[in-house]
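# Chains, contacts and geometry: an overview
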Amino acid sequence: QEYTLIKLEVIKPLPEVLKSFGKKTVSFVAATLRPETMYGQTNCWVHPDIKYIAFQTVNDGVFICTRRAARNMSYQGFTEKDGEFKIEMEILGQDLLGIALKSPLTCYPKIYSLPMLTIKEDKGTGIVTSVPSDSPDDYAALVDLQKKPAFREKYGIQDDMILPYKPVPILEIPEYGNLSAVHVYDKLKIQSQNDKEKLTQAKEMVYLKGFYDGVLLVGEYKGSKIQDVKKNLQAKLIKENGAVVYYEPEKTIISRSG
Ligand code: ZZB
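Residues numbered from 1 in each chain as written. Predicted model: local features only at pLDDT ≥ 70, side-chain atom pairs only at ≥ 80, totals over all residues. Heavy atoms only, no water.

Here helix H5 (residues 196-213) spans 26 Å end to end across 18 residues, near enough to the 26 Å set by a 1.5 Å rise per residue. On the buried face of H5, the contacting elements are helix H2 (136-147), helix H4 (180-187) and helix H6 (226-239). (Helix = DSSP H or I, 4+ residues; strand = E, 2+ residues; numbered from the N terminus. Expected span 1.5 Å × (residues − 1). Contact = heavy atoms within 4.5 Å.)

See below:
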């Protein structure tokens with residue numbers, strides 16, 4: 001499985017937890033299959049209870065992700081020695097919340113790392129970039145935070161890290177409009193990020209239609225169909241140093257041998 005790995009750079013001065021990295025560039029890295037949606041990023045998701053690590057890459061500074069993802073990257077030329085990576089820091093997700101980040105293509109110059117409780121540890125990097133306009137999971141998690149001050153308080157999230165961030169219309173999908181995730185969220189009457197079945201259904205509804213009939217509303221490929229420019233947008237992100245390619249081994253192979 002090929003992913004686009006988005007680099008969400010921690011804005012300097014580094015927050016207290018990451019101070020020991022000094023002048024280095026530190027990035028949260030998020031795996032996505034939807035590089036064309038990066039125009040609509042409003043925040044980054046971290047699971048408060050997952051353990052993350054920081055490791056030094058050869059070309060891109062320090063990366064923060066799960067240990068499992070770092071191990072995969074170490075076989076893909078991200079580290080000096082094949083299959084080896086040095087853990088510079090171990091950090092619990094809850095200590096990585098509320099950090100200001102700079103991410104490629106989004107119209108928001110500064111976005112924050114926020115808690116999402118449905119992140120899977122064994123997929124991608126354990127860090128997810130959030131596009132609430134087109135991902136029902138992201139929209140549900142963002143609404144949970146916006147609607148529930150107690151939830152924000154629990155994780156020490158300040159209002160200005162959430163309230164100014166609105167889903168951005170970036171893709172037009174026939175029948176679903178220009179905020180497809182919001183449309184299906186309302187239509188299926190989704191209540192929270194834990195509404196698992198409805199969210200799976202919502203995702204299926206927007207996924208295929210978005211890929212085949214979605215048209216970009218912003219950027220240099222404005223007016224083009226997603227399927228025609230997905231690759232170009234991945235290339236643009238990589239060329240502009242906002243992303244790299246990351247592969248994930250097929251799970252079936254692992255379980256067969258193990
Ligand atoms: C941006 C984005 C924009 C995403 C969108 C989706 C959508 P899939 O297709 O099931 O393989 N993701 C990545 N890692 C994790 C994780 N560890 N736990 C939970 N979610 C994760 O899912 C791939 C997508 O799941 C990725 O693409 C990422 O969110 C999220 F408009 O990145 B995506 C309808 C979906 N739309």
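This brings us to a positive patch on the surface. On the surface, Lys120, Lys123, Lys196, Lys203 and Lys251 cluster together to form a positively charged patch. With respect to the secondary-structure elements, Lys203 resides in helix H5. (Patch = residues over 30% accessible without salt bridge, like charges linked within 9 Å, V, L, I, M, F, W, Y side chains within 5 Å. Areas by Shrake-Rupley, 256 points an atom, 1.4 Å probe, with all protein chains shown as cover. Salt bridge = Lys/Arg side-chain N within 4 Å of Asp/Glu carboxyl O. Lys, Arg positive; Asp, Glu negative; His and termini not counted. Charge placed at Lys NZ, Arg CZ, Asp CG, Glu CD.)

Moving on: the pairing of strand S2 (residues 26-32). Counting buried positions along S2 yields seven of seven residues, so the element is predominantly enclosed. Here S2 shows two buried faces, one formed by Val26, Phe28, Ala30 and Thr32 and the other by Ser27, Val29 and Ala31. As paired strands, strand S1 (residues 2-10) and S2 are joined by six bridges and run antiparallel to one another. When the sheet's bridge partners are listed, Leu8 is paired in S2 with Phe28. Relative to strand S5 (residues 62-65), S2 runs parallel, the two sharing three bridges. (Buried < 20%, exposed > 50% of the residue type's maximum accessible area, 1.4 Å probe, protein only. Pairing = 2+ DSSP bridges.)

In the neighbourhood of the ligand, 18 residues make up the surrounding shell, with Thr32, Lys120, Lys123, Lys203 and Tyr207 lying closest. Contacts to the ligand include Lys120, whose backbone N or O atom sits 2.7 Å from a nitrogen atom. With the chains in place, 89% of the 710 Å² that the ligand exposes on its own is no longer accessible. Here the ligand is seated within the largest pocket. Counting only elements with at least two residues in the shell around the ligand, the list comes to S2, strand S9 (127-130) and H5. Partitioning the shell around the ligand into residue classes produces nine nonpolar, four polar and five charged. (Near = heavy atom within 4 Å. Polar contact = N/O pair within 3.5 Å; in protein donor to acceptor, adjacent residues only side chain to side chain. 1 Å grid on protein atoms, 1.4 Å probe; cavity = no way out; pocket = protein on both sides within 12 Å on 5 of 7 lines; lining within 4 Å. Sits in = over half its atoms within 2 Å of the grid points. Nonpolar A, V, L, I, M, F, W, Y, C, P; charged D, E, K, R; others polar.)

With that settled, the discussion passes to helix H1 (residues 67-74). What sets the pattern is the α-helix's 3.6 residues per turn: residues three or four places apart point alike. All buried positions along H1 are accounted for by Ala69, Ala70, Asn72, Met73 and Ser74. Buried-residue contacts for H1 involve S1, S2, strand S4 (51-56), S5 and strand S12 (243-247).

Residue placement: Val218 occurs in the loop between strand S11 (215-216) and H6. On the basis of relative accessible area, Val218 is assigned to the partly exposed category, the value being 24%. In this structure the C-alpha to C-alpha distance between Val218 and Tyr39, which are 179 residues apart in sequence, comes to 7.6 Å. Residues within four places of Val218 in sequence aside, it is in contact with Tyr39, Pro169 and Ile170.

What follows covers the side chain of Thr66. Of note, Thr66 is situated in the loop between S5 and H1. Not counting chain neighbours up to four residues away, the residues in contact with Thr66 comprise Ile50, Lys51, Tyr52, Ile53, Glu121, Gly124, Thr125 and Gly126.

The subject of this paragraph is the environment of Lys189. Tracing the sequence through the fold places Lys189 in the loop between H4 and H5. With relative accessibility at 57%, the residue Lys189 sits in the exposed group.

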